[in-house]
Protein chains: 2
Amino acid sequence: MNVIKTAEILCVGTEILIGEIVNTNAAYISSRLAEMGISQYHQGVVGDNPERLRAFLTSALSRCDLVILTGGLGPTYDDLTKETVADVMGRKLELDPRSLERVKSYFDRLGRKMTDNNIKQAMMPQGCEVFDNDVGTAPGCAIEDGESGKCVIILPGPPREMKDMFEKKVAPFLEKRREYVLYSESLNIFGMGESAVEDALREFMEASENPTVAPYAIDGECRLRVTARAKSREEGREKVKETEKKILESSVGPYVYGVDTTLEKTLVSLLRDKNMTVTFAESCTGGLLAGRLTSVPGASDVFDGGVVSYAERVKHDFLGVKSETLEKYGAVSAECAVEMAKGVRMFVGADLGVSVTGLAGPGGGTEEKPVGTVFIGVSDKSGERAVELHIRDNGREYVRNIAVKNALFEAVKNVGESVCTRSRGDDH
Amino acid sequence: MNVIKTAEILCVGTEILIGEIVNTNAAYISSRLAEMGISQYHQGVVGDNPERLRAFLTSALSRCDLVILTGGLGPTYDDLTKETVADVMGRKLELDPRSLERVKSYFDRLGRKMTDNNIKQAMMPQGCEVFDNDVGTAPGCAIEDGESGKCVIILPGPPREMKDMFEKKVAPFLEKRREYVLYSESLNIFGMGESAVEDALREFMEASENPTVAPYAIDGECRLRVTARAKSREEGREKVKETEKKILESSVGPYVYGVDTTLEKTLVSLLRDKNMTVTFAESCTGGLLAGRLTSVPGASDVFDGGVVSYAERVKHDFLGVKSETLEKYGAVSAECAVEMAKGVRMFVGADLGVSVTGLAGPGGGTEEKPVGTVFIGVSDKSGERAVELHIRDNGREYVRNIAVKNALFEAVKNVGESVCTRSRGDDH
């Protein structure tokens, strides 16, 4: 049996080329291959066109050990993946009685009559390993060429069928043929940008070959991916943890708030550990902050509710923000943020109150308070504080999203443990 | 200027090859190219590796008029897209002072010091057309080769930056180089699924060649894209409007709530027209409904604030939901939804009160109330009503998102005008 070290994914479907559907199949298969330590250097999409499919399949086979194709297995005349692959691999198609039975019984279960064009779905390349489709009609298969050592795997296009078949049939098939495993973790960083992180760690990253260390920006945060190649997951995890320890001891360490997590998950678990509750008073974020926290299952353990205080009237009537404060400093001010945070903490009855008030735009900005000016208020039994942010005016949704992240981060910091200590904690 | 008829997209990024992110950039660009009538026969993804990028770029250029690359423009040492493209196109990189200024001022606005590695982002291929990045640092560009007539466009990888640059810079650039103009509008449909719409309009759609009519599902809604090929935008718009009129007169008409809009925008403008205000009491959506409404600039005209009543205590204390109601029917019930809607309307003092209570999962489902059971309550001066939803359990975020959309839709319906009438109105 040949070891499979490299693979390419080739997705067949015009609907991808016209942007009708997002290619989630490629992402799913890619992450699974990465977990198995099978490297991928290229990925392709072609329409339902046999000539182009043949060309790309041939060149892909010249580059790697395994080509995984998805799509084009249906009963219709323009579904030609299997035919093309068989041709390229020098195999004939022959009827697989067992597959035909399965297709028939699938239609029986649906109480429908199988039309003849479905027989096509049971025609399989000679000498292939057939992969049953437990959630659809079209079976998949693997074709291995003894001489060249090359392998082609064909999977159905519908993500539900592809995933089911991948987990039940393809994963075990590849398990027998892989060389090593890759273990990967991402450090969550807040308050330090991608290029600053890269600047601080360049030498370290360039020196790291196994594990590798790579920064990437996602959704207003920076992450550091640490990936180790090893014989087992356990060995990989050990290597990764060693490297993470070094990173946490670097100048980046204080900005690391967790591993493979999010600010909202971190806040919920911190609060749960300390048996504390939080509440929010939101102006410019208009509910997004509470919405983000409650995206975490079990958020109800630490969150009873909050107030969206969009109008000054609501800030005053429900949260007790003083009229003088609103007149003297305005609703977008540290003073108002502090009163909102304290007010909502009292109003809802929580250990921690966090408020957001600011200018999300597009209108409302002034010389001294431009769009992007946001104040985060924090209140607990020990008192109140406010943080002033100047978020770049990249549009209303951007300002609101970054405000939410900063509010979550201030809450995380306030729950007591140094974020860095906590992350170090993950290490021991 | 050469006419561009065919294109390929080449996305650069190891994070795609290891399945860490889904390649939404390719889908976005593909659909926009399709709208412009530019054909695509192949699409590729390569890692941050100059040799392979060179190979794939060269072969792509041999097949089509235009290659669009995304990603690998960052400041870090492994970002090599621009360098490789310049090399393949036989251009040198030179410092673009204007771009450098923009990168510097980006950091200034963030109050951060620009690290030297960022200068790299201002190095542009000689003779290219620079595309400013208004929402990030890395500029993009277009390189046209007079002799071969081939064109390469480079765009940043982060979807937010890529989309902004595509709409502001790339679309106008391609506009000048395409054979004809395409004018496209999308009808917003709610309460009727994609396949139902397809069934209702199949013959009509098959008969429509110019404009073409295509349904697509997006974010829990169905849209009908009507696209006309014409000599001018005006001519295209006329053709599209004629076709839209026919659709609005079909059985799909009553489910059309607008054209190129969203439920939240529709609700805000309806309320503004009627000089009404709305408020929300949210349980399972935890603030997302208010967050969605306040994503619309000027939402403050129609929304003073709302309550996130996550715990029963908050439902009872602030919204006046009766203890008997909670004991007898539970928090996830039509009775509770109605009391929440009325309660929040009184509490905040608004014309319309809308509530959401339900089971978003993963836990908490029962035999008679499975995950996905959601009640929407509506209250206005004429009384209260509740709607019961059974949302497919496609995960917590899906259930919450569909609940938000249904709440917005119930509010839209309640503001009085028939949604269909309104859409017809757009037409006259």
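Cut-offs used in this document
- Residues numbered from 1 in each chain as written.
- Chains lettered and ligands numbered in written order.
- Predicted model: local features only at pLDDT ≥ 70, side-chain atom pairs only at ≥ 80, totals over all residues.
- Heavy atoms only, no water.
- Pairing = 2+ DSSP bridges.
- Helix = DSSP H or I, 4+ residues; strand = E, 2+ residues; numbered from the N terminus.
- Axes fitted to C-alpha atoms, helices over the stretch in contact; angles between N-to-C directions.
- Parallel < 35°, antiparallel > 145°, perpendicular 65-115°, else oblique.
- Left-handed = near helix turned anticlockwise from the far one by under 90°.
- Contact = heavy atoms within 4.5 Å.
- Nonpolar A, V, L, I, M, F, W, Y, C, P; charged D, E, K, R; others polar.
- Buried area = accessible area lost by both parts, 1.4 Å probe.
- Salt bridge = Lys/Arg side-chain N within 4 Å of Asp/Glu carboxyl O.
- Expected span 1.5 Å × (residues − 1).
- Buried < 20%, exposed > 50% of the residue type's maximum accessible area, 1.4 Å probe, protein only.
- Domains from an automatic or database assignment.
- Polar contact = N/O pair within 3.5 Å; in protein donor to acceptor, adjacent residues only side chain to side chain.

1. Some words on the pairing of strand β10 (residues 212–218) of chain B
All names here are of chain B.
- Here β10 pairs with strand β11 (residues 221–230) via 7 bridges, running antiparallel. Following the sheet pairing, Thr212 is matched in β11 by Thr227.
- If you look at the hairpin formed by β10 and β11, you'll find 2 residues sitting between the two strands, and Asp219 has a positive phi there, around 50°.

2. Observations regarding the sheet that holds strand β12 (residues 256–259) of chain B
All names here are of chain B.
- If you walk across this open sheet you meet the 4 strands as β10-β11-β9-β12, and the pairing is antiparallel. In this open sheet, the two strands that pair with only one neighbour each are β10 and β12. The average angle at which neighbouring strand axes cross in this sheet is 30°, direction not considered.
- Bridge analysis of strand β9 (residues 181–189) against β11 gives 9 bridges, and the strand direction is antiparallel. Residue pairing in the sheet places Leu187 in a bridge with Leu224 of β11.

3. Re the packing of helix α3 (residues 50–63) of chain B against helix α4 (residues 81–88) of chain B
Residues and elements named next belong to chain B.
- Look at α3 against α4: their axes get within 10 Å of each other, and the N-to-C directions meet at 50°. Looking at the two axes, α3 sits oblique to α4. Both α3 and α4 take part in a crossing whose hand is right-handed. Of the residues in α4, those in contact with Pro50, Leu53, Arg54, Leu57, Thr58 and Leu61 of α3 are Thr81, Thr84, Val85, Asp87 and Val88.
- Here the residues of the contact of α3 with α4 are counted per class, giving 6 nonpolar, 3 polar and 2 charged.

4. Comments concerning the interface of chain A and chain B
- In this assembly, 69 residues from chain A lie in contact with 71 residues from chain B.
- Carbon and sulfur atoms make up 57% of the surface buried where chain A meets chain B, a total of about 5,600 Å² over both sides.
- By the criterion of area lost to chain B, the three top residues of chain A are Leu17(A), Tyr310(A) and Arg392(A), representing 12% of everything that side buries.
- Across the chain A-chain B interface, the total number found is 3 salt bridges.

5. Things to note about helix α8 (residues 233–249) of chain A
- With 17 residues, α8(A) should cover 24 Å at 1.5 Å per step; its first-to-last C-alpha distance of 24 Å lies within 8% of that length.
- Among the residues making up α8(A), those that are buried are Gly236(A), Val240(A), Lys241(A), Thr243(A), Glu244(A), Ile247(A) and Leu248(A).

6. Details of the domain arrangement of chain A
Residue and element names in this part refer to chain A.
- The domains assigned to chain A are domain 1 (6–175), domain 2 (181–259) and domain 3 (263–415).
- Here the C-alpha centre of domain 3 lies 31 Å away from the C-alpha centre of domain 2.
- With both chains or domains summed, domain 2 and domain 3 bury close to 630 Å², and 62% of this area falls on carbon and sulfur atoms.
- Summed over the three residues of domain 2 that lose the most area to domain 3, namely Phe190, Asp219 and Tyr257, the buried surface amounts to 79% of that side.
- Applying the counting criterion to the domain 2 and domain 3 interface returns 1 salt bridge.
- Close ionic contact of Glu221 with Lys405 constitutes a salt bridge, the shortest N to O distance being 2.5 Å.
- Linking domain 2 to domain 3 there are 2 residue pairs in polar contact (both at pLDDT 80 or more).
- Among the residues making up the side of domain 2 that touches domain 3, the classes are represented as 2 nonpolar, 1 polar and 2 charged.

7. Regarding unusual backbone geometry
- The amide bond that connects Asn210(A) to the next residue, Pro211(A), takes the cis arrangement and shows omega of 5°.
- At the junction of Gly361(B) and Pro362(B), the peptide bond is cis and its omega measures out at 0° in the coordinates.
- Topologically, Pro362(B) is positioned in the loop between β15 (352–358) and β16 (373–380).
- One non-glycine residue, Asp260(A), lies in the positive phi region at around 45°.
- Relative to the helices and strands, Asp260(A) is located in the loop between β12 (256–259) and α9 (263–273).

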